[in-house]
4 protein chains.
Amino acid sequence: MGTVLLSGLHARMASSSASSKKSSWQAILVINYKAYPSAFGDKGLAIALAAEHVAEEYQGVVRVVLAVPATEISRISEVVDKAVVYAQHMDPVEPGAHTGFIPAEAIKEAGAKGTLLNHSEHRLVLSDIDKSVRRATQLGLETLVCADTPTVAAAVAALSPTMIAIEPPELIGTGIPVSKAKPEIVTGTLRLVRMINPDVPVLTGAGISSGEDAAAAIRLGTLGVLVASAVMKAADPEAKMRELAEAMAREVSRRK
Amino acid sequence: MGTVLLSGLHARMASSSASSKKSSWQAILVINYKAYPSAFGDKGLAIALAAEHVAEEYQGVVRVVLAVPATEISRISEVVDKAVVYAQHMDPVEPGAHTGFIPAEAIKEAGAKGTLLNHSEHRLVLSDIDKSVRRATQLGLETLVCADTPTVAAAVAALSPTMIAIEPPELIGTGIPVSKAKPEIVTGTLRLVRMINPDVPVLTGAGISSGEDAAAAIRLGTLGVLVASAVMKAADPEAKMRELAEAMAREVSRRK
Amino acid sequence: MGTVLLSGLHARMASSSASSKKSSWQAILVINYKAYPSAFGDKGLAIALAAEHVAEEYQGVVRVVLAVPATEISRISEVVDKAVVYAQHMDPVEPGAHTGFIPAEAIKEAGAKGTLLNHSEHRLVLSDIDKSVRRATQLGLETLVCADTPTVAAAVAALSPTMIAIEPPELIGTGIPVSKAKPEIVTGTLRLVRMINPDVPVLTGAGISSGEDAAAAIRLGTLGVLVASAVMKAADPEAKMRELAEAMAREVSRRK
Amino acid sequence: MGTVLLSGLHARMASSSASSKKSSWQAILVINYKAYPSAFGDKGLAIALAAEHVAEEYQGVVRVVLAVPATEISRISEVVDKAVVYAQHMDPVEPGAHTGFIPAEAIKEAGAKGTLLNHSEHRLVLSDIDKSVRRATQLGLETLVCADTPTVAAAVAALSPTMIAIEPPELIGTGIPVSKAKPEIVTGTLRLVRMINPDVPVLTGAGISSGEDAAAAIRLGTLGVLVASAVMKAADPEAKMRELAEAMAREVSRRK
């Protein structure tokens, strides 16, 4: 019975609650570098340094996470401290004979504190999400699992990841925020996830491009936002990150 | 809000409850033809006719479902009446330009009443399971979604399929029944699925080869069994199906 | 050395030449049913019966091949005789424990004489194309392997399929024929394929919608055309097939 | 015609010949780090430093290539100079919105000079190998494409990669060298590849574990070896690399 309990919903929830740092931050800003030209080399480092500034300014209030390409994890991890580095993906394999695959150990060794999983540009087999969340959790890595519909988010909640991001794929990269175009997708997701696994925070993704969008994400009840092009293609990425962080910080302080 | 409600957990549960035939059968015997040599042509038809006999004998008690290869759905559907034909897979696409893919409409047109999904030999992307269950439900098709662990079963429950089968892949085809080797996987699955979506029945799969195994599956609280090699490789498939049905029928009558 | 020779280029070319029916037809019209609404049930059967008429009329000149959904192979095979039935895909597995996969034996048992492989809507792993061509050839099934570029066609030629279709994906379904928009892709493919495996005929696909397009395909040096929407969405599919066949028949007679 | 010529066999061969460094080395030793525990962090760096020693010793005779995990490319590239760093895989995408995928630009920016592709543990869609070889070549990156059979190697030759490795998957990791167990697979591959694209060198992979195996690979006519576990699991990786390099160096000097 032991192994089932350990692998079961409540057991995993318990262990993930234990290691969570929820108390230390009230909102979250996740930057998905994707494979944009600005994601690599000096450009990617410059955005990371800018993120570090924003993370310092909003320390204790808004956590800043950078989901960077696998090839950039080690270089970016060396230059940030307050900002947190995630991978964009990891493979559900153990270390061994797996040419071209990236086990949890690889991203941890390179300096990542967690990983995105199941982004709509990189959809995963259900059992592989289960295995990846399990392996990441065992190694103390966080998981932010993306979902394209409220029911998918509900399914993901049963796997007890650290966080879930709801991202309707038809809005990704459009600049039309889900929080405005389809707020019921966000609130529907929150309702289902809370029924199944109330300890898993939900993030709002897809189309987030302004402070107003980020504030709306907080008002709807999510913990923060997952953004990509709004920052990675910005003329001034630091100003854009600060705008998003500031809007969320204001919203959470208003809430008290 | 409407679309979310429609796509939401409770709405889908409601509609699937409405169309369910739970009242008409107390146990279920699902035969997965796989791609065994006996699955095709006259051999596949002979097993279907044998299944029809068993389905007649246990009518109202044990439902018999045949999950057959895509190429055999139409021929087998023509010769069975009490036994029910399922596909082994369907693709999450709408009719259109999808060379070599099988939409829900295709299996329905050919005579299938439902489909297996996400068998451990054919694992699916989470979002595709969600879409497939949704599309099948819209067309009045049943879905039996396989899960390899209790947490995967919990995730699947959130998608409101007609049924879930728990099949630890390491036991498939071994003749070592999960109900004996790892009963806690079955009971752990039942516990999690009931927490999330209590209306979704669970089946026991993997290693089921005897009446005793089938009876144990009922005793553990599942609705029946998903078997493959035990029937498809049997010297006398009809006798084997009768053995499995009889054991489950005895077990459910004892329960009353 | 024996097995390598058997699996080698020349050995396979030799055996495929031996079984080829090149002498019996001078042009080919392949209709890809895809998963269009008209592909299934009575509609699919009606198009097959219409194709049978065209196949009878042009017997000995234009071969008519119908690439139909897996679920329709057996029903359509029963009603055609001069027209030939292909699958749209097959999986590179041997009969056995492969839930939801379709081995060569399955399509052969259902009545198919061959299969499409690697359509741009259903791209395959290189080694799986190799295995599928090998398995199909062993069972006496033909293979029509699609390629999206001349170099991919050259690579496919090395696997010695029965035929190759060049289909630039950006033109599929557009009604803009590759033979007009990019004739150099067709001639470039012919040049490379002839260098590597001169016995493998090439077909022109993508955007073929009129007799003129089909005639151009013959003039460019290919054996015929692979069409889908032009027939499957036609108000009068029989008239459209006759138009395409007639144009090719005229072109080949002019050539003599 | 221009684009076809550019994408055609001879044009690509010409450009790859132009940039090849064939004259500067007579044999090649490729170490596939895979995802072995010794591939990451300090252990992976230590093996790279050892490889650098061997590369220095055999400079001008045996080229040493390290195919390392994506997360390690930048760190290892910084510490080696004579030894060359490859990725184990790259994705056929252009920079842009591709979460968790690795474009050619990413591995180049991190310091890689080339990449493995299509390893039997990471098999690729044919069109994606074509695209990846094309994109890598455009960026000046080398490609070492793996093949599991002689006909697959022949197909790969048509795509004009920098090199091809023949690796029968059933021998990988066994310590049974293909050069001994199935030399006809190596010679059959050489024969087919030379027919199609004589400028593409072939490497021997699978089961190579001793200097004798490496010498046999040279004697059979291949340019060198692709090894993994023999080095990555060795008690003394440097000694093992030296053994392999020395055996090949002796063999090539004998040949003159």
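Keep in mind that what you see is a predicted model, and the values were worked out from it rather than measured.

Attention now goes to the overall build of chain A. Along chain A, the regular secondary structure elements total twelve helices and eight strands. Expected size for 256 residues packed as a compact globule is a radius of gyration near 18 Å; at 17 Å, chain A falls within 12% of this value. Considered along the principal axes of its C-alpha atoms, chain A spans approximately 50 × 40 × 35 Å. By residue count, 64% of the 256 residues in chain A fall in the buried class. A total accessible area of about 8500 Å² is found for chain A, and carbon and sulfur atoms account for 54% of it. Across chain A, 26 positive and 27 negative side-chain charges occur, with their mean positions spaced 5 Å apart.

Glancing now at the relation of the copies chain D and chain A. Expressed as a screw operation, the relation of chain D to chain A combines 0.0 Å of axial shift with a rotation of 180°, fitting to an RMSD of 0.0 Å. The transformation relating the two chain copies, once decomposed into turn and shift, fits a two-fold axis. Among all residues of chain D, the minimum C-alpha distance to the rotation axis is found for Thr 71 of chain D, at 2.4 Å. Here 100% of the contact residues of chain D are again contact residues in chain A; the copies associate through an equivalent surface.

Right, let's talk about the confidence of the model for chain A for a bit. Low pLDDT means the predicted atomic positions in that stretch should not be read closely. Residues and elements named next belong to chain A. Per-chain confidence: chain A averages 90 in pLDDT, with 90% of residues scoring 70 or above. Residue range residues 1-23 is modelled with pLDDT below 50. Its contacts to residues more than four positions away, or to other chains, number 42 contacts. Predicted complex metrics record ipTM = 0.90 and pTM = 0.92.

This part takes up the sheet that holds strand 7 (residues 202-205) of chain B. Residue and element names in this part refer to chain B. Judged by pairing direction, the barrel is parallel, and its eight strands sit side by side in the order 1-2-3-4-5-6-7-8 before closing back on the first. Each adjacent strand pair in this sheet contributes to an overall mean axis angle of 25°, direction not counted. With four bridges connecting them, strand 5 (residues 142-147) and strand 6 (residues 163-166) associate as parallel partners. Following the sheet pairing, Val 145 is matched in strand 6 by Ile 164. With respect to the sheet, helix 12 (residues 237-255) is in contact with strand 1 (27-32), strand 2 (62-68) and strand 8 (224-227), its orientation differing from that of strand 1 by roughly 160°.

Time to look at helix 12 (residues 237-255) of chain D. All names here are of chain D. For helix 12, which comprises 19 residues, the first-to-last C-alpha distance of 27 Å matches the rise-based estimate of 27 Å (1.5 Å per residue) to within 8%. Those residues of helix 12 not exposed but buried are Pro 237, Glu 238, Lys 240, Met 241, Leu 244, Ala 245, Ala 247, Met 248, Ala 249, Glu 251 and Val 252. Its buried side turned inward, helix 12 meets strand 1 (27-32), helix 3 (41-57), strand 2 (62-68), helix 10 (211-219), strand 8 (224-227) and helix 11 (229-232).

Taken together, the contact between chain D and chain A spans 33 residues of the former and 33 residues of the latter. Across the chain D to chain A interface the summed buried area is about 2600 Å²; carbon plus sulfur atoms make up 63%. Interface area lost by chain D to chain A is led by Ala 35, Thr 71 and Thr 99 of chain D, which between them contribute 23%. Put simply, chain D and chain A have zero salt bridges between them. Counting across the chain D and chain A interface gives 17 residue pairs in polar contact (both at pLDDT 80 or more). Listing elements by their share of the side of chain D that touches chain A, those giving two or more residues are helix 3, helix 4 (73-79) and helix 5 (104-110) of chain D. Looking at the side of chain D that touches chain A element by element, the count peaks at four residues for helix 5 of chain D. Residue classes in the side of chain D that touches chain A are distributed as 15 nonpolar, twelve polar and six charged.

About the thresholds
Residues numbered from 1 in each chain as written. Chains lettered and ligands numbered in written order. Predicted model: local features only at pLDDT ≥ 70, side-chain atom pairs only at ≥ 80, totals over all residues. Heavy atoms only, no water. Helix = DSSP H or I, 4+ residues; strand = E, 2+ residues; numbered from the N terminus. Rg over C-alpha atoms; globule rule 2.2 N^0.38 Å. Buried < 20%, exposed > 50% of the residue type's maximum accessible area, 1.4 Å probe, protein only. Areas by Shrake-Rupley, 256 points an atom, 1.4 Å probe, with all protein chains shown as cover. Lys, Arg positive; Asp, Glu negative; His and termini not counted. Charge placed at Lys NZ, Arg CZ, Asp CG, Glu CD. Least-squares fit on C-alpha atoms with pLDDT ≥ 70 in both. Contact = heavy atoms within 4.5 Å. pLDDT = per-residue confidence, 0-100. Pairing = 2+ DSSP bridges. Axes fitted to C-alpha atoms, helices over the stretch in contact; angles between N-to-C directions. Expected span 1.5 Å × (residues − 1). Buried area = accessible area lost by both parts, 1.4 Å probe. Salt bridge = Lys/Arg side-chain N within 4 Å of Asp/Glu carboxyl O. Polar contact = N/O pair within 3.5 Å; in protein donor to acceptor, adjacent residues only side chain to side chain. Nonpolar A, V, L, I, M, F, W, Y, C, P; charged D, E, K, R; others polar.

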